[in-house]
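Chain and residue survey
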Amino acid sequence: MSVAAYKRIMLKLSGEALMGDDAYGINEEVVSRIVAEIAEVTRLGVQVGVVIGGGNIFRGMKGAASGMDRATADYMGMLATVMNAMALADAFRRAGVEARVQSALRIDQVVEPYIRGRAIRHMEEGRVVIFAAGTGNPFFTTDTAAALRGSEMAAQIVLKATKVDGVYTADPHKDPQAQRYHRISFDEAIGRNLAVMDTTAFALCRDQKLPINVFSIFKAGALKRVVLGEDEGTLVHS
């Protein structure tokens, strides 16, 4: 049996990842495939937390750019993440995996409030915990929520699931000579101005010595390979 390199992980999923090739909303086929990848990791005995974005439904920055009050737009974006979290939890239920949604905004009729001790207990008992509503505060991204929840849950690594299989020297879609970084330090990433996560999230991970792995969620088996400690994606470390 394969042995995981990490006991507890925090997975950052963008809302856009749930769209697949659709222009908007939630693609059930894509969600089911992502859930199957996460379920395979849980069978290795890994405790999994998930921070979900909401950009497939509403993006606060875009609302603010169109003239909406930034705080109001960000709260709307948080509600979008709750919808995504509920869809993800239901997909886990259908796959036979226990999952709980905890929201940083209180919506007690539909999801649990975020309580750190309860979230840790859920994870210790083998449930996937989906953290919704970001940090619960406007002006902070879900990247920052992933760094924060990862630190609070004592996760050993934050896994940022993207459309690209790592961090490159240049945009691999535009430059065929672009090379993937296999490993890079936080200081090197800053020095080379690499956009791994937003600056607040990146600084928090660096300060907490919490490594980040950037990988493609659309590459079959990539999540499992990262968890097994194989050369997948880009590892950003202290």
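Bear in mind that the values here come from a model prediction, so they are computed numbers and not experimental data.

Quick word on the environment of E152
Looking at where E152 falls in the secondary structure, it is placed in helix α5 (residues 142-152). A relative accessible area of 23% places E152 in the partly exposed class. Excluding anything up to four places from it in sequence, E152 contacts Y114, R116 and I120. For E152, the side chain forms a polar contact with the side chain of Y114, separated by 2.9 Å.

Some words on the pattern of salt bridges
Counted under the stated rule, the structure contains 20 salt bridges. Salt-bridge contacts for E112 lead to R118; the nearest nitrogen and oxygen are separated by 3.9 Å. Via salt bridges that share partners, E98, R100, E112, R118, E125 and R127 belong to a single interconnected network.

Remarks on the UniProt feature "binding site: ATP" (unreviewed entry) in the protein chain
Mapped onto this numbering, the UniProt entry annotates "binding site: ATP" (unreviewed entry) at K12, L13, S14, G15, G55, R59, T162, Y168 and D171. The named residues occupy 160 residues along the chain; their greatest pairwise C-alpha distance, 25.8 Å, places them well apart from one another. Looking at the element boundaries, L13 is found in strand β1 (residues 8-13). When its relative accessible area of 0% is taken as the criterion, L13 is described as buried. Dropping the residues within four chain positions of it, L13 is found in contact with I34, V50, V51, I52, G53, L88, A161 and I217.

Looking at the UniProt feature "domain: Aspartate/glutamate/uridylate kinase" (unreviewed entry) in the protein chain
According to UniProt, the positions carrying the feature "domain: Aspartate/glutamate/uridylate kinase" (unreviewed entry) are residues 7-215. The span residues 7-215 shows a helical share of 39% and a strand share of 18%, and its end C-alpha atoms are spaced 18 Å apart.

Section: the sheet that holds strand β5 (residues 128-132)
Through backbone hydrogen bonds, the strands of a sheet pair up, either in parallel or in antiparallel fashion. If you trace the nine strands from one edge of the open sheet to the other, you get β4-β3-β5-β2-β1-β6-β8-β9-β7, paired in mixed fashion. Of all strands in the sheet, those with a lone pairing partner are β4 (112-113) and β7 (183-185), marking the two edges. Here strand β3 (residues 99-103) pairs with β5 via five bridges, running parallel. Among the inter-strand pairings, V101 is bridged to a residue of β5, identified as I130. Relative to the sheet, helix α1 (residues 28-42) contacts β1, β2 (47-52) and β5, its axis offset from that of β2 by approximately 150°.

A short note on helix α4 (residues 116-124)
Residues of α4 that are buried: A119, I120, H122 and M123. In an axial view of α4, the angular spread of the buried residues amounts to 155°, which keeps them on one side of the axis. Those residues of α4 that are buried lie in contact with β1, β2, β3, β4, β5 and α5. A positive backbone phi angle near 90° is found at G126, which sits one or two residues after α4.

Digging into the packing of aromatic side chains
A complete count under the given rule lists two aromatic pairs for this structure. Seen from their ring centres, Y114 and F131 are 5.9 Å apart, and the 70° between their planes marks the pair as edge-to-face. Taken together, the positions of Y114 in the loop between β4 and α4 and F131 in strand β5 put the pair 17 residues apart, joining distant regions of the chain. According to the relative accessible area criterion, F131 is buried, its value standing at 2%. Here the aromatic rings of F186 and F202 are separated by 5.1 Å at their centres, their planes lie at 65°, and the arrangement is edge-to-face. Of this pair, F186 sits in helix α6 (residues 186-191) while F202 sits in helix α7 (residues 199-207); the two residues are 16 residues apart in sequence, bridging distant segments of the chain. Judged by its relative accessible area of 8%, F202 falls in the buried class. The aromatic ring of Y114 is capped on one face by R149, whose charged end is 3.7 Å from the ring centroid.

Criteria and cut-off values
Counting of residues starts from 1 at the beginning of each chain's written sequence and follows it residue by residue. Selection of residues for local features in this predicted model requires a pLDDT of at least 70, selection of side-chain atom pairs for listing and counting requires 80 or more, and totals for whole chains, interfaces and linings are taken over all residues. No hydrogens and no water enter the side-chain calculation; it runs on all heavy atoms of the structure. Helix and strand assignments follow DSSP, with helices taken as H or I runs no shorter than four residues and strands as E runs no shorter than two, numbered in order from the N terminus. Between buried and exposed lies partly exposed: a residue is buried under 20% and exposed over 50% of the maximum accessible area for its type, with that area taken using a 1.4 Å probe on protein chains only. Contacts are residue-level and defined by heavy atoms, with any inter-residue pair within 4.5 Å sufficient. Pairs of N or O atoms within 3.5 Å make up the polar contacts considered here, provided that, within protein, one atom can donate a hydrogen while the other can accept it, and that residues adjacent in sequence are counted only when both atoms are side-chain atoms. We define a salt bridge as a side-chain nitrogen of Lys or Arg found within 4 Å of a carboxyl oxygen belonging to Asp or Glu. UniProt positions are given in the numbering used here, feature names are shortened, and annotations may be inferred rather than shown by experiment. DSSP-based pairing: two strands are paired if at least 2 bridges between them are found. Lines fitted to the C-alpha atoms define the axes, with helices restricted to the stretch that makes contact. Angles between their N-to-C directions range from 0 to 180 degrees. Arc definition: it is the arc formed by the directions from the helix axis to the C-beta atoms. Pairing of aromatic rings covers Phe, Tyr and the six-membered ring of Trp, with a centre-to-centre limit of 6.5 Å; geometry is then stacked below 30 degrees between planes, edge-to-face above 60, and tilted otherwise. Charge-over-ring contacts are defined here by two conditions on Lys NZ or Arg CZ: a distance within 6 Å of the ring centre and an angle within 35 degrees of the ring normal.

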